[in-house]
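Chain by chain, the residues:
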Amino acid sequence: MKEQKKDKSQFLTNFLRGLMVYGVSIFLAFVIISFFIALLGYNVPRALQTLITTSFRSTFGFQETIKKTIPLIFTTYAFTIPFMIRFFNIGGWGQMLFGGTMTAVVGLLLVNVALPSYMMIPLLLIVGILSGGFFALIAGFLKAKHNINPIISTIMLNFVAYLFVNFIATAPLFKDPLEGHPITKPLPDSAMLGFFKGIPYSIFLAIIAIIFVFIILKKTKLGYEITSVGYNPSAAQTYGINFQKTIMLTFLIGGALAGLGGSLEVINIHGKLIEGFAKTSGAQYGIFGILTGLVVAGNPLAVPISAFLISVLLVGADSLQRTMQIPVEMVFFSQAIIVLSIVTIREKLSRGGK
Amino acid sequence: MDITTFISQTIVYTTVYALVSLGIVIGGRTGIFNISGEGIMLAAASSGFIISYLTENWFFGYLAGALVGCIIGFILVFIHENFKVNQFIIGISLVLLGSAFSDLLYKMVIGARLFVPMAPPTPEVNIPLLSKIPIISGFLNQDVIVFFMYVMTLLAWWFYYKTKIGLETRAIGENPKATDVVGVKVIRRRYLATITGSALIGVAGAYLTLGITGAYSPDISAGRGFMAVGIAIFASWKPQRAIIGAFLFAAIEVISFKLQIISHNIPFQFFLMLPFISVLIVMVLLKKQVEFPASLGKPYSRE
């Protein structure tokens, strides 16, 4: 009984703390956004209204928000899962690019084989998962075996992946001769995942991914190991948890999810490989994945909500640029401020509470 | 391409890598691991360009770049020392902040124009006689920022290995508590070092637009801020090794750029991958020799 009461008050403090962290940060961010809008000489209330409500005013706005949320969930997991053991995977973007590119390569090579959809689509998704996972595993391996900082290795691999996309999209074998830009020929129809009322079917895979991450973390030995390594690495090692293996597995899982996200962008959104496909509002999904991941403090279960809210701001930012000529970077800038203030206030409160 | 031209081009990029990695080394020596170099460079590239374009003065551009570096460096130490937030988290957030800021500022002040605006050129240094000798002239027929980089590297080496304050500063990185006991103001040194280092990174960022391209374009630093972190690490936080590493990567960058034009059989993208892959290879090869300042990445408190 007493325990229960303590739990309840604990929950309440945590809740209030969270409310304060996010409330203050978001308030601060909106003050900054308003300042810039006023500086540019625009109507502040109207701009703020556009920023927040575009996603909910029209069906199109909502569809756009969902289309951004899905890949964002995947790149956020790519960051969040290694972050649970305090490693930084900045390579979600590269892993998404690599997964998507390999999907396009396999899809285009199988143009004449005419596999039915129920075989083609799972095959391509597996290709995306494996190649994204492999690409992240390079960084995990370099950390585990050679102690190379994953921040550096994943960023270097991002550039490699970016150049690889360019290579495939301009290779004579794959390139669409009618296109001026680096874009491949379309994938066969049997490879396409469709839409339901403007919502891509990839949403189901995003939901499966969320459930998968939940099960891995809460119900498996690996999840237990990840949590304990994250909580106290040296103690976990003393109790016989293989630290190197855990590092590699977290990168593998994170990268596999990013690769799946890239695969889905290719077969569900574009239908071909386009240079710079893993971008939204002119910036990489990887960057927003890191932002979203830092906002949720590496708590994978909060990822979908956070990804949705960031997408709402992105759709609003696009609309601001279209209708009021306010640069989208203004919203990126304030998102970075939100993140910086969230991590700071959160750390302050958690230390103050001890 | 003759060797003198090759050296001359390599030195231009060496300047970028060397200033950034030197900036990271200086902060790291007091225990602050500054990975926000990419963000500082981008913010400094755009604000430096804008200031120098508006004032039609090259010097004010670099000054603005350095100032932007100072501000971002200050934010890093301030949040880290007061709120004990992990340095990497602040660093990554600052990269996001800097890259958003750079494009935002450029769009707000310059916007889209029919003709790309160009900044006034950075003046060249002319040394009589020496600049006529082949090979050596590649090092010396350069602009003032290159010489600034030479001087800064020498100065940093002299500071750390020949002065008492330098020795103390190195000691902060190894054991802040012990140096505090001796009466060194650890936190103040951390501020000073990180802000100075970030100012150098800011100059390097401004050099991208003012010294190399003459114009601003988004993502102009192209990952060099992070490659410089790699250089600082395998230079074991020693200025004299950082400049060698910087030269090595600048040479790889210039070579890969030349190769992609010459080669017909191998797709050019693979040559452009070379600099990034070689960072990883060099780090694997040199991992045994790498030493880190012991207090790197940790907040300092007197308790």
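Here is what the cut-offs are and how they apply
Residues numbered from 1 in each chain as written. Chains lettered and ligands numbered in written order. Predicted model: local features only at pLDDT ≥ 70, side-chain atom pairs only at ≥ 80, totals over all residues. Helix = DSSP H or I, 4+ residues; strand = E, 2+ residues; numbered from the N terminus. Rg over C-alpha atoms; globule rule 2.2 N^0.38 Å. Buried ≥ 20, exposed ≤ 12 C-beta atoms within 10 Å, placed from the backbone. Contact = placed C-beta atoms within 7 Å. Core = buried A, V, L, I, M, F, W, Y, C linked by C-beta atoms within 7 Å. Domains from an automatic or database assignment. Expected span 1.5 Å × (residues − 1). Axes fitted to C-alpha atoms, helices over the stretch in contact; angles between N-to-C directions. Parallel < 35°, antiparallel > 145°, perpendicular 65-115°, else oblique. Nonpolar A, V, L, I, M, F, W, Y, C, P; charged D, E, K, R; others polar.

Draft legend 1. View of the overall build of chain A. Across its full length, chain A carries 13 helices and four strands. For chain A, whose C-alpha radius of gyration is 21 Å, the value lies close to the compact-globule estimate of 20 Å for 354 residues. Considering only C-alpha atoms, chain A reaches an extent of 70 × 60 × 40 Å along its principal axes. Buried positions account for 52% of the 354 residues belonging to chain A.

Draft legend 2. Layout of the overall build of chain B. Helix and strand content of chain B: twelve helices and zero strands. Secondary structure of chain B in N-to-C order comes out as α-α-α-α-α-α-α-α-α-α-α-α. Against the 2.2 N^0.38 benchmark of 19 Å for 303 residues, chain B shows a C-alpha radius of gyration of 19 Å, consistent with a compact globule. Along the first, second and third principal axes, the C-alpha set of chain B runs to 60 × 45 × 45 Å. Looking at chain B alone, contacts between residues at least 24 apart form 78% of all its contacts between residues at least 6 apart.

Draft legend 3. Quick look at the interface of chain A and chain B. Taken together, the 36 residues of chain A in the interface contact 33 residues of chain B. Elements with a contribution of two residues or more to the side of chain A that touches chain B: α5 (117-146), α6 (150-170), α11 (285-295) and α13 (329-352) of chain A. It is α13(A) that contributes the most residues to the side of chain A that touches chain B, 13 residues altogether.

Draft legend 4. Layout of the nonpolar core. One finds Val339(A), Tyr17(B), Leu19(B), Val203(B), Ile231(B) and Ala232(B) to be the most contacted residues of the largest nonpolar core, which totals 205 residues. Per-element tally for this core: the top contributor is α6(A), with 14 residues. Here this core spans two domains, since at least three of its residues come from each of domain 1 (1-42 + 328-354) and domain 2 (60-325) of chain A. Look past the residues within four positions of Ile231(B) in its chain and what remains in contact with it is Tyr17(B), Ser21(B), Ala242(B), Gly245(B), Ala246(B) and Phe249(B).

Draft legend 5. Representation of helix α9 (residues 186-213) of chain B. Residue and element names in this part refer to chain B. Compared with an ideal rise of 1.5 Å per residue, which puts 28 residues at 40 Å, α9 spans 40 Å between its outermost C-alpha atoms and is within 8% of the ideal. Taken across its 28 residues, α9 has 21 buried, putting it largely inside the fold. Residue Gly214 follows α9 closely and has a positive phi angle near 85°.

Draft legend 6. The packing of helix α11 (residues 239-262) of chain B against helix α12 (residues 268-285) of chain B, seen in detail. Residues and elements named next belong to chain B. Running from amino to carboxyl end, α11 crosses α12 at an angle of 170°, the nearest separation of the two axes being 8 Å. One way to sum up the angle between α11 and α12 is to call them roughly antiparallel. Between α11 and α12, the residues in contact are Phe249, Ile252, Glu253, Ser256, Leu259 and Gln260 and Phe268, Phe271, Leu272, Leu274, Pro275 and Ser278, respectively. Taken together, the residues that form the contact of α11 with α12 break down as eight nonpolar, three polar and one charged.

Draft legend 7. A look at the domain arrangement of chain A. Residue and element names in this part refer to chain A. Per the domain assignment, the segments of chain A are domain 1 (1-42 + 328-354) and domain 2 (60-325). Computed from C-alpha coordinates alone, the two centres of domain 1 and domain 2 are separated by 27 Å. Contacts between the two partners involve nine residues from domain 1, matched on the other side by 13 residues from domain 2. The residue inventory of the side of domain 1 that touches domain 2, partitioned by class, reads seven nonpolar, one polar and one charged.

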